[in-house]
Amino acid sequence: MNETLNGKTVLITGSARRLGRLFALACARAGANVVIHHGHSDQDAENLRQEIVGLDRRAWIVKADLSDSNQTRELIPQINESTPLHGLVNSAAIFEPLSMEKTSLQDWERHIAINLTAPFLLSQAFAKQAGDGTRIVNILDWRALRPGADHFPYTISKAALAAITQSLAVALAPRITVNGLALGAVLPPSDRKVNPEITKSIPAKRWSKESEVEDALVFLLAGPAYITGEIMHVDGGRHLV
């Protein structure tokens, strides 16, 4: 995957920390310049920018609250003042352990705004500036196609994002490919203990390697343009059981 994105610019939402940071560095190592989006992680974003510049790539930082539709709509036009975009990775998300009974209307609307409405608005704006061969990748979850009762608003928002992914693939073809990357156990939670039972329900019986997720993302951003509307699972088979 070395240099497969050479000279192209990719926007990755929520890229100052955790999975988004992983994606940003993977793109930079593959040759891309990176637009780092964050909502409230100024220092983390700056640290990442310096790391990407250290790889001899360009990096920009943009800050926007994706729960605010006005800020979301303005994000890509703002970026286009500095650079056109080859790729959009809708990675920013909130993931709260809420059951249906405990989900308030505020919880519901917050998950839908960030996990679903923001990717739609960003994809819409991206399409207006995109040339032939450009790419959108939506970050999903194995739960999107196997919804359960846990993490209720998160799961519903990701299931809807999977549907949007396939609908956009048709709507934006042949100019733009749109695919989804559905992940399983990649990074342990930062705010609570890791459940040692988690790998028992994964056919692969292990956590994903970071490199496996990185390679999958770069493949969808730089691989065959005849692949669109696909949801690639990198979850060790978790969605099958």
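Residues numbered from 1 in each chain as written. Predicted model: local features only at pLDDT ≥ 70, side-chain atom pairs only at ≥ 80, totals over all residues. Heavy atoms only, no water.

Student: What is the right way to look at the sheet that holds strand E3 (residues 59-63) in this model?
Tutor: What links the strands of a sheet is backbone hydrogen bonding, and the strands pair in either a parallel or an antiparallel sense. What the seven strands build is an open sheet, ordered E3-E2-E1-E4-E5-E6-E7; its pairing is parallel. At either margin of the open sheet sits one strand with a lone partner, and together these are E3 and strand E7 (231-234). The sheet shows a mean angle of 20° between the axes of neighbouring strands, taken without regard to direction. Sheet topology places strand E5 (residues 134-141) next to strand E6 (residues 176-183); eight bridges connect them, and they run parallel. (Pairing = 2+ DSSP bridges. Helix = DSSP H or I, 4+ residues; strand = E, 2+ residues; numbered from the N terminus. Axes fitted to C-alpha atoms, helices over the stretch in contact; angles between N-to-C directions.)

Student: What should I look at first to understand the packing of aromatic side chains in this one?
Tutor: The geometry of an aromatic ring pair is captured by the separation of the ring centres together with the interplanar angle, meaning the angle of the planes. All chains considered together, the criterion is met by two aromatic pairs. Centre to centre, the rings of Phe95 and Tyr154 are 4.5 Å apart; their planes meet at 80°, and the pair counts as edge-to-face. Taken as a pair, Phe95 in the loop between strand E4 (87-90) and helix H4 (105-129) and Tyr154 in helix H5 (residues 152-171) lie far apart in primary sequence, 59 residues in all. Both rings, one in Trp108 and one in Phe152, keep their centres 6.2 Å apart while their planes meet at 35°; by these two values the pair is tilted. Remark: Phe152 occurs in helix H5 and Trp108 occurs in helix H4; sequence separation between them is 44 residues. The ring centre of Trp142 lies 4.0 Å from the NZ or CZ of Arg238, which sits over that ring. (Phe/Tyr/Trp six-rings, centres within 6.5 Å; stacked < 30°, edge-to-face > 60°. Lys NZ or Arg CZ within 6 Å of the ring centre and 35° of its normal.)

Student: Teacher, can you tell me more about the packing of helix H1 (residues 18-29) against helix H6 (residues 210-222) here?
Tutor: To characterise two packed helices, one gives the angle between the axes of the helices and the distance between these axes. Orientation of H1 relative to H6, taken along the N-to-C sense of each, is 60°, at an axis distance of 9 Å. Looking at the two axes, H1 sits oblique to H6. The two elements H1 and H6 meet at a crossing, and its hand is right-handed. Taken together, the residues of H6 that come into contact with H1 (itself represented by Leu22, Phe23, Ala26, Cys27 and Arg29) are Glu210, Val213, Glu214, Leu217, Val218 and Leu221. By residue class, the composition of the contact of H1 with H6 is eight nonpolar, no polar and three charged. (Parallel < 35°, antiparallel > 145°, perpendicular 65-115°, else oblique. Left-handed = near helix turned anticlockwise from the far one by under 90°. Contact = heavy atoms within 4.5 Å. Nonpolar A, V, L, I, M, F, W, Y, C, P; charged D, E, K, R; others polar.)

Student: Any chance you could explain a nonpolar patch on the surface here in plain terms?
Tutor: Together, Leu105, Trp108 and Ile156 give the surface a local cluster of nonpolar side chains, amounting to about 270 Å² of exposed area. Residue position: Leu105 is located in helix H4. For Leu105, a relative accessible area of 59% puts it in the exposed group. (Patch = residues over 30% accessible without salt bridge, like charges linked within 9 Å, V, L, I, M, F, W, Y side chains within 5 Å. Areas by Shrake-Rupley, 256 points an atom, 1.4 Å probe, with all protein chains shown as cover. Salt bridge = Lys/Arg side-chain N within 4 Å of Asp/Glu carboxyl O. Buried < 20%, exposed > 50% of the residue type's maximum accessible area, 1.4 Å probe, protein only.)

Student: What exactly am I supposed to notice about the pairing of E3 here?
Tutor: If a strand is regular, its side chains alternate between the two faces of the sheet. Pairing of strand E2 (residues 33-38) with E3 involves five bridges; the strand directions are parallel. Looking across to E3, one finds that Val34 is bridged to Ala59. Handedness of the crossover joining E2 and E3 through helix H2 (residues 42-53) is recorded here as right-handed. (Right-handed = clockwise from strand over helix to strand, strands pointing away.)

Student: Whenever I open this one, H2 confuses me. Can you help?
Tutor: An α-helical turn contains 3.6 residues, so any two residues separated by three or four positions project in the same direction. With twelve residues, H2 extends 17 Å from end C-alpha to end C-alpha; this agrees with the ideal 16 Å at 1.5 Å per step. Within H2, the full set of buried residues consists of Ala45, Leu48 and Ile52. When H2 is viewed along its axis, its buried side chains cluster within an angular range of 65° and face the same direction. Looking at the buried positions of H2, the neighbouring elements they touch are H1, E2 and E3. (Expected span 1.5 Å × (residues − 1). Arc of directions from axis to C-beta.)

Student: How should the side chain of His86 be read in this particular structure?
Tutor: Looking at the secondary structure, you find His86 in the loop between helix H3 (69-80) and E4. Residue class for His86 comes out buried when judged on its relative accessible area of 10%. A distance of 3.3 Å separates a polar atom in the side chain of His86 from the backbone oxygen of Leu221. Excluding its chain neighbours within four sequence positions, the residues that come into contact with His86 are Leu5, Lys8, Thr9, Phe126, Gly133, Thr134, Arg135 and Leu221. (Polar contact = N/O pair within 3.5 Å; in protein donor to acceptor, adjacent residues only side chain to side chain.)

Student: Looking at this model, I keep getting lost on the pairing of strand E1 (residues 9-12). Mind explaining?
Tutor: Neither face of E1 is open: one carries Thr9 and Leu11, the other Val10 and Ile12, and all of them are buried. Sheet topology note: the E1/E2 ladder contains four bridges and is parallel. Bridged to Leu11 within E2 is Val35. Note that the unit made of E1, H1 and E2 has a crossover that is right-handed. Both E1 and E4 contribute to a ladder of three bridges, which runs parallel. Bridge assignment links Val10 to a residue of E4, and that residue is Gly87.

What is shown is where atoms sit, not what they do.
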